[in-house]
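Commentary on secondary and tertiary structure
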Amino acid sequence: MEQFILWLKYLVLGAVQGFTEPIPVSSSGHVIIARELMGMEQEGLSFEVFLNTASLIAILFIYRAMIGRLIVNGYRFIRTRKAEYKSDFMFIVYVVLGTIPAGLIGFLFQEDIERIFSHAKMVAISLLVTGVALWLIRNLRGKKRDGDLSTKDALIVGLAQAVALIPGISRSGSTVIASIAVGMRQETALRFSFMLYIPISLGGVVLGLKDFSSDPISSSMIGPYAIAFLATLVLTYFAMKWLMNIMERGNLKYFAYYCFVAGILLLLFL
């Protein structure tokens, strides 16, 4: 029975991570809350990277066609300098620029940020901040498409992604909010947000390899880790598809309502 409960707890952790990773409500914050509610101790950074890897695989699968096109057309532009490929090449450049702030700050201060901010009260405050930001941009309808971005846009959204290193501040929320705020169409904002997610997540996986090697999974934990991984993989895929449909209809205000309710409840009861 004890082993079954352990597996169930890790299934819940994986499901929470998977469902909340794409949507603008903070996956790291919800995982912290889930752990506290289930009385689980903080896992090492390697477990977080392990679950993020599952989310990354799901996002890569969803955007596989776009990623392939960007790689091919980016290479073609470098080789031929034809104008028809320039838009995709510049999109790659802006993704690289937008990745730098969070990549640099995360590399230098990630563990300190996690140690200082990984508690329920901070998550509650961060959710309220996210809710306010979502509410402020709820009616904005930008005009910028993938080919209309600028260096300034990339850096502003990149800085927003760096702020999301604080648990409770949603990465997808902060980047989508910043993208819409600088004038992107909602579908462009979503694509740019998750193109920024991919290199940051890949970097986290690479940096997390040393944690895996120094903190190997015991044989008794292989099952719980595997079920958490699978739950994260499947739920990330379906949550991302759901978010794409929501973004088409422009209903981000509902996530603002959720953040307000969740943040207030956490402040009152945790």
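Now for a description of the structure that goes with this document.

Thresholds, definitions, all that
Residues numbered from 1 in each chain as written. Predicted model: local features only at pLDDT ≥ 70, side-chain atom pairs only at ≥ 80, totals over all residues. Heavy atoms only, no water. Helix = DSSP H or I, 4+ residues; strand = E, 2+ residues; numbered from the N terminus. Rg over C-alpha atoms; globule rule 2.2 N^0.38 Å. Buried < 20%, exposed > 50% of the residue type's maximum accessible area, 1.4 Å probe, protein only. Contact = heavy atoms within 4.5 Å. Areas by Shrake-Rupley, 256 points an atom, 1.4 Å probe, with all protein chains shown as cover. Core = buried A, V, L, I, M, F, W, Y, C linked by side-chain atoms within 4.5 Å. Phe/Tyr/Trp six-rings, centres within 6.5 Å; stacked < 30°, edge-to-face > 60°. Lys NZ or Arg CZ within 6 Å of the ring centre and 35° of its normal. Polar contact = N/O pair within 3.5 Å; in protein donor to acceptor, adjacent residues only side chain to side chain. Salt bridge = Lys/Arg side-chain N within 4 Å of Asp/Glu carboxyl O.

Considerations on the overall build of the protein
- Per the secondary structure count, the protein includes eleven helices and zero strands.
- Of the regular secondary structure in the protein, the N- to C-terminal order runs α-α-α-α-α-α-α-α-α-α-α.
- Over its C-alpha atoms the protein spans a radius of gyration of 19 Å, differing by no more than 12% from the 18 Å that the globule rule assigns to 270 residues.
- For the protein, with 270 residues in total, the buried portion stands at 49%.
- A separation threshold of at least 6 residues defines the contact pool for the protein, and within that pool the share at least 24 residues apart is 83%.
- Split by element, the accessible area of the protein, about 13,200 Å² in all, is 68% carbon and sulfur.

Side note on the nonpolar core
- Tyr63, Phe91, Leu190, Phe192, Phe194, Met195 and Phe255 are the most contacted members of the largest nonpolar core, which has 49 residues in total.
- It is helix H9 (residues 186–214) that provides the largest number of residues to this core, a total of nine residues.
- With residues near it in sequence (within four places) discarded, Leu190 still touches Tyr63, Val176, Met240, Leu243, Met244 and Met247.
- Counting 14 residues, the second largest nonpolar core, distinct from the first, contains Val16, Ala34, Met221 and Ala228.

A short note on the packing of aromatic side chains
- Summed over the entire model, instances satisfying the criterion amount to 13 aromatic pairs.
- Centre to centre, the rings of Phe50 and Tyr225 are 5.6 Å apart; their planes meet at 40°, and the pair counts as tilted. Of the two residues, Phe50 is situated in helix H3 (residues 45–62) and Tyr225 in helix H10 (residues 222–249); the sequence distance between them amounts to 175 residues.
- The class of Phe50 is buried, set by a relative accessible area of 19%.
- Relative accessible area serves as the criterion here: at 9%, Tyr225 is assigned to the buried category.
- Joined through ring pairs, the aromatic side chains of Tyr10, Phe50, Tyr225 and Phe229 make up one cluster.
- When the ring centre of Trp135 is taken as reference, the NZ or CZ atom of Arg138 above it lies at 3.6 Å.

A short note on the side chain of Gln161
- Tracing the backbone through its elements, the reader meets Gln161 in helix H7 (residues 151–163).
- Residue Gln161 is classed as buried on the basis of its relative accessible area, which comes to 2%.
- Engagement of the side chain of Gln161 in a polar contact is seen with the side chain of Arg171, the distance being 2.8 Å.
- Discounting residues that sit within four places of it in the chain, Gln161 has contacts with Gly98, Thr99, Ala102, Arg171, Ser174, Thr175, Leu196, Tyr197 and Ile200.

So, the pattern of salt bridges
- According to the stated counting rule, one finds four salt bridges in the structure shown.
- Lys144 serves as the salt-bridge partner of Asp153, at 2.9 Å between the closest nitrogen and oxygen.
- Residue class for Lys144 comes out partly exposed when judged on its relative accessible area of 23%.
- Between Arg191 and Asp146 there is a salt bridge, with its nearest N and O atoms 3.1 Å apart. You can see Arg191 sitting in helix H9 and its partner Asp146 sitting in the loop between helix H6 (120–136) and H7, a full 45 residues away along the chain.

This is a description of form; function is not addressed.
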